[in-house]
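So you can see what is in the structure, the chains are spelled out below.
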Amino acid sequence: MKDLDLRKKNEAFIHKTKEQDPLFFEQLKKGQTPEFFVLSCSDSRVSPSVITQMPLGQMFVHRNIANQVANDDESFSASLYYALKHLKVKQIIIKGHTDCGGVKAALLDNEEEELQGWISKIRKGLPDKRITNKFSMDDLTNMNVLRQVENIQQHPIYKKYGQHVKVIGYLFHVETGELERIYPL
Ligand SMILES: [Zn+2]
C-alpha cells in the first residue's frame, strides 16, 4: 500500500460517505443500535466490518488473539454485557479465520513469557496435544471457533441476558476472502 497517511485516508472516507448519504454523520451522532455483537481475532487481515462491507453503527466488535471467550476476561465480559443488556443486539457472531497465528502458537509450544497466559486459554479449545497432528490447520481453526461458540453459550452473562440471542460461528478464509458459516450448519 502506497498511502499510509491516515489523515488523508480519513478525509477520503468522509468525502465518499457524505457523497452517498449527506446526512450519514448526523444520524450516527444520535446513537448506536447495532444488529451484531462480533468477537473476532485481532489479526489485521480479518477486520469484520471490512470483509462484510458493514457501515458504521452495525457491529459492536470485541477483538482478541484467536477470538477467545474467557469467563475471567473482564474486558470481554463487559463488552458482552453491554451488547446484550444495553444495545440489545440481535445476533452474536464468533468469527475465527484460517492461518490464525494464535492457534498456531498454541500448537507450536510458543515459549514467549508474555504470551503464555493467553496461549493457555487457546490451548484449552484444541484437541489433546498427542493427537493434534491428525488435524489440518484449517480443522483446528474451525474447532477453535466451535469451542468459543460453546464457551459463550455457557458464559454467565449470556445465560442471564442473551438466551434468546442467536450465536453464529464463522470461519473467514484468508486465502479466498470467503466467510464460511460453520455453526449452526
Ligand atoms: Zn487469528
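About the thresholds
Residues numbered from 1 in each chain as written. Predicted model: local features only at pLDDT ≥ 70, side-chain atom pairs only at ≥ 80, totals over all residues. Heavy atoms only, no water. Pairing = 2+ DSSP bridges. Helix = DSSP H or I, 4+ residues; strand = E, 2+ residues; numbered from the N terminus. Axes fitted to C-alpha atoms, helices over the stretch in contact; angles between N-to-C directions. Domains from an automatic or database assignment. Core = buried A, V, L, I, M, F, W, Y, C linked by side-chain atoms within 4.5 Å. Buried < 20%, exposed > 50% of the residue type's maximum accessible area, 1.4 Å probe, protein only. Contact = heavy atoms within 4.5 Å.

With that out of the way, let us pick up the sheet that holds strand β5 (residues 179-183). Read across the open sheet, the five strands follow the order β2-β1-β3-β4-β5; overall the sheet is mixed. Sheet topology places β2 (59-64) and β5 at the edges, where each strand pairs with a single neighbour. Taken pair by pair, the neighbouring strands of this sheet meet at an average axis angle of 25 degrees, ignoring direction. Of the pairings in the sheet, the one linking strand β3 (residues 91-97) to strand β4 (residues 166-172) comprises seven bridges and is parallel in character. When the sheet's bridge partners are listed, H97 is paired in β4 with F172.

If you check the domain split of the protein chain, you get domain 1 (1-30) and domain 2 (32-183). Spacing between the C-alpha centres of domain 1 and domain 2 amounts to 29 Å.

This next bit is on the nonpolar core. One finds F37, L80, L84, I92, I94 and I152 to be the most contacted residues of the largest nonpolar core, which totals 21 residues. The set of elements that each furnish at least two residues to this core consists of β1 (36-41), α4 (74-86), β3, α7 (137-154), α8 (156-161) and β4. The biggest single contributor to this core is α4, with four residues. Excluding residues within four positions of it along the chain, L84 makes contact with V89, I92, I157, Y158, Y161, G162 and V165. Residues C41, C100, A106 and F172 belong to the second largest nonpolar core, which totals twelve residues.

Quick look at the environment of L115 now. Take L115: it is sitting in the loop between α5 (101-107) and α6 (116-124). Judged by its relative accessible area of 31%, L115 is partly exposed. For the pair L115 and A105, spaced ten residues apart in sequence, the C-alpha separation works out to 9.2 Å.

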